[in-house]
Amino acid sequence: MIKIDSSIWSLKHLEYALLCSLFTVDFILIQSPPLIVRILLAGFLIASFWIPYIQRFTIPALPIFGWLITFYACQFIPTNYRPTHIFVNLLPTLERVLYGANLSEVISQHTHPFLDVLTWIPYGILHFSFPFLLSFILYIFGPPGSLEVFASAFGYMNLAGVLTQLFFPNASPWYELSYGSAPANYSIPGEAGGLSRIDTILGLELYGSTFSTSPLVFGAFPSLHSGCATMEMLFVTYLAPRLKPLAILYVLWMWFSTMYLTHHYMIDLVGGSIYAILTFVVARKYLPEIETHHADLDYLGITKKLNLLADLFGRPKQSIKDQYELFFV
């Protein structure tokens with residue numbers, strides 16, 4: 001059980017203090033829902049820190065809550081408190097200098113319904129569902145503590161990305177297609193880009209309405225779709241090194257999708273992956289080692305889980321070491 005020890009000032013307490021400051025600023029900024037609802041929600045969150053079992057979820061998830069609430073609060077920041085200049089030409093110019101062409105423009109020129117769906121799967125489905133799946137896998141098969149490390153790394157990486165997008169606003173490729181090099185301002189609504197074709201295919205007004213009310217319209221750099229995909233695959237390869245080729249393919253699939261759908265430039269994707277890699281380098285120090293040379297992997301708490309997995313896949317119940325190497329290494 002995770003406990004808040006008030007007797008010793010530590011790095012963890014400093015982390016809680018910074019998150020508390022962030023939550024306070026968000027609480028002041030947010031105007032909807034009404035004040036009484038915000039007070040009740042804040043009270044429930046604080047009370048959960050002392051409720052057994054529930055605190056196992058809420059305390060490790062604080063960085064994720066911080067990221068999500070801060071992202072939501074961005075829409076309430078008055079214009080006069082935001083950066084006065086929105087970069088419209090910086091990213092496409094750097095794109096052409098570094099890569100010789102505007103890769104997003106090149107990739108998105110030729111569209112097809114099959115490519116629309118192929119790119120929507122990672123961008124619109126896996127991006128939101130895979131973190132939950134990976135969390136479940138880490139909880140069941142990961143060494144003790146690995147899920148908490150993933151939650152912190154995932155939350156702080158996204159929080160850093162949102163703050164960068166807020167203080168360093170950049171227009172996405174869809175803006176260049178719609179407005180050219182015209183100066184941008186905060187009254188311009190977001191656009192769904194290539195995802196508008198998914199609305200047409202599904203017969204829904206899903207992405208058009210969602211992106212038009214985005215809290216951060218000019219959040220091209222860094223790409224958090226790229227950052228999340230990279231972070232997730234780093235943890236996948238930590239748990240299952242043999243999946244490294246598939247992990248690389250997944251990240252490349254996400255990269256292609258974001259450019260095809262005109263939501264990011266290549267430089268945004270590289271930037272997002274750099275954010276993820278730097279965060280993982282720090283997080284890796286807190287991850288327990290997976291010692292496959294041990295004859296018994298009971299220290300991972302997965303003996304019964306591996307036997308269950310063997311049953312599901314029709315595998316013989318070999319030694320625990322052999323089973324682990326069979327499925328993960």
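Going along each chain's sequence as written, the residues are numbered from 1 onward. In view of the model being predicted, local features appear only for residues whose pLDDT reaches at least 70, and side-chain atom pairs are presented and counted only at 80 or more, with totals across whole chains, interfaces and linings using the full set of residues. Note that water and hydrogens are dropped before the side-chain values are worked out from all heavy atoms of the structure.

1. Here we look at helix α14 (residues 266–284)
Numbering of helices and strands runs from the N terminus; a helix is a DSSP stretch of H or I covering at least four residues, while a strand is a stretch of E covering at least two. The span you would expect from a helix comes to 1.5 Å times its residue count less one. Look at α14: 27 Å from first C-alpha to last across 19 residues, which is about the 27 Å you get at 1.5 Å a residue. Each residue's exposure class comes from its accessible area (1.4 Å probe, protein chains only) as a fraction of the maximum for that residue type: buried when under 20%, exposed when over 50%, partly exposed otherwise. Where α14 is concerned, the buried positions are Met-266, Ile-267, Asp-268, Leu-269, Gly-271, Gly-272, Ser-273, Ala-276, Thr-279, Phe-280 and Ala-283. Here a residue-residue contact requires only that any non-hydrogen atoms of the pair lie within 4.5 Å. At its buried positions, α14 is contacted by α5 (90–99), α6 (103–108), α8 (146–167), α12 (224–239) and α13 (244–260).

2. Some details on a nonpolar patch on the surface
Distance thresholds for patches are 9 Å for like charges and 5 Å for nonpolar side chains (Val, Leu, Ile, Met, Phe, Trp, Tyr), applied to residues having over 30% relative accessible area and no salt bridge. Residue burial considers only the protein chains on display, and all accessible areas are found by Shrake-Rupley using a 1.4 Å probe. One side-chain nitrogen of Lys or Arg within 4 Å of one carboxyl oxygen of Asp or Glu is enough to make a salt bridge. Where nonpolar side chains cluster on the molecular surface, the patch consists of Phe-27, Ile-28, Leu-35, Ile-36, Val-37, Ile-39, Leu-40, Leu-41 and Phe-44 and spans about 870 Å² of accessible area. Mapped by element, the contributors of at least two residues to the nonpolar patch are α1 (11–29) and α2 (35–48). Here the nonpolar patch gets seven residues from one element, more than from any other, and that element is α2. Within the fold, Ile-36 resides in helix α2. With relative accessibility at 54%, the residue Ile-36 sits in the exposed group.

3. Section: the packing of aromatic side chains
Only Phe, Tyr and Trp rings take part, Trp by its six-membered ring, and two of them pair if their centres are within 6.5 Å. Stacked means planes under 30 degrees apart, edge-to-face means over 60, and tilted covers everything else. Under the definition given, this model contains 18 aromatic pairs. Members of the aromatic cluster, joined through ring pairs, are Trp-67, Phe-150, Phe-154, Phe-235, Tyr-238 and Phe-280. Distance and angle both matter: a charge sits over a ring if NZ of Lys or CZ of Arg is within 6 Å of the ring centre and within 35 degrees of the ring normal. The cationic tip of Arg-82 hangs over the ring face of Tyr-186; the distance from NZ or CZ to the ring centre is 5.1 Å.

4. Brief notes about the nonpolar core
One finds Leu-134, Phe-150, Phe-154, Met-231, Met-233 and Phe-235 to be the most contacted residues of the largest nonpolar core, which totals 40 residues. Elements with a contribution of two residues or more to this core: α4 (62–73), α7 (113–141), α8, α12, α13 and α14. Aside from chain neighbours lying at most four places away, what touches Phe-150 is Pro-131, Leu-134, Ser-135, Leu-138, Met-231, Glu-232 and Phe-235. Grouped together as the second largest cluster of nonpolar side chains are nine residues, Val-88, Ala-171, Tyr-175 and Ala-184 included. What we call a nonpolar core is a set of buried Ala, Val, Leu, Ile, Met, Phe, Trp, Tyr and Cys residues that are connected through their side-chain atoms within 4.5 Å.

5. Focus: the pattern of salt bridges
Tallying each qualifying case throughout the model produces three salt bridges. Within this structure, Arg-96, Glu-105 and Glu-176 form a network of salt bridges that share partners.

6. Looking at the packing of α13 against α14
Lines fitted to C-alpha atoms define the axes, with helix axes restricted to the stretch in contact, and inter-axis angles between N-to-C directions lie between 0 and 180 degrees. Where α13 contacts α14, the axes come no closer than 10 Å and their chain directions differ by 140°. The two elements α13 and α14 meet at a crossing, and its hand is right-handed. Between α13, through Trp-255, Thr-258 and Met-259, and α14, the contact on the second element is made entirely by Met-266, Leu-269, Val-270 and Ser-273. Polar here means any residue outside two lists: the nonpolar Ala, Val, Leu, Ile, Met, Phe, Trp, Tyr, Cys and Pro, and the charged Asp, Glu, Lys and Arg; Gly therefore counts as polar. Among the residues making up the contact of α13 with α14, the classes are represented as five nonpolar, two polar and no charged. In this scheme the crossing of two helices becomes right-handed for a clockwise turn of the near helix relative to the far one and left-handed for an anticlockwise turn of less than a right angle.

7. Notes on the side chain of Asp-268
With respect to the helices and strands, Asp-268 occurs in helix α14. By the counting rule applied here, Lys and Arg register as positive and Asp and Glu as negative, while His and the ends of each chain are not counted. Of the side chains with opposite charge, Arg-96 comes closest to the buried, unpaired Asp-268, at an N-O distance of 12 Å. N or O atoms closer than or at 3.5 Å make up a polar contact, with two conditions inside protein: a donor-capable atom paired with an acceptor-capable one, and, for residues adjacent in sequence, both atoms drawn from side chains. Engagement of the side chain of Asp-268 in a polar contact is seen with the backbone nitrogen of Tyr-265, the distance being 2.7 Å. In contact with Asp-268, other than residues within four places in its own chain, are Leu-91, Ala-220, Phe-221, Pro-222 and Ser-223.

8. Some remarks on the packing of α1 against α4
Packing of α1 against α4 leaves a shortest axis separation of 10 Å and a crossing angle of 25°. With respect to α4, the axis of α1 lies roughly parallel. Crossing geometry of α1 relative to α4 is assigned as left-handed. Side by side, α1 and α4 meet where Glu-15, Tyr-16, Leu-19, Leu-22, Phe-23, Asp-26 and Leu-29 of the first sit next to Leu-62, Pro-63, Phe-65, Gly-66, Ile-69, Thr-70 and Ala-73 of the second. Any angle from 65 to 115 degrees is called roughly perpendicular, while one under 35 is roughly parallel, one over 145 is roughly antiparallel, and all others are oblique.

9. Details of unusual backbone geometry
Note the cis peptide between Ser-32 and Pro-33, where omega equals 10°. Mapped onto the elements, Pro-33 comes out in the loop between α1 and α2. Of the consecutive residues Phe-221 and Pro-222, the connecting peptide bond is found in the cis state with omega at -5°. Although it is not a glycine, Tyr-53 sits at a positive phi angle of roughly 75°.

10. Focus: the confidence of the model for the protein
Within a predicted model, pLDDT stands for the predictor's per-residue confidence, ranging from 0 to 100. In this model, the protein carries an average pLDDT of 86, and 85% of its residues clear a pLDDT of 70 or more. Scored below 50 in pLDDT, residues 4–8 shows five contacts in the model against residues more than four places distant or in partner chains. The low-confidence segment residues 312–329, where pLDDT is below 50, has 46 contacts with residues more than four positions distant or belonging to other chains.

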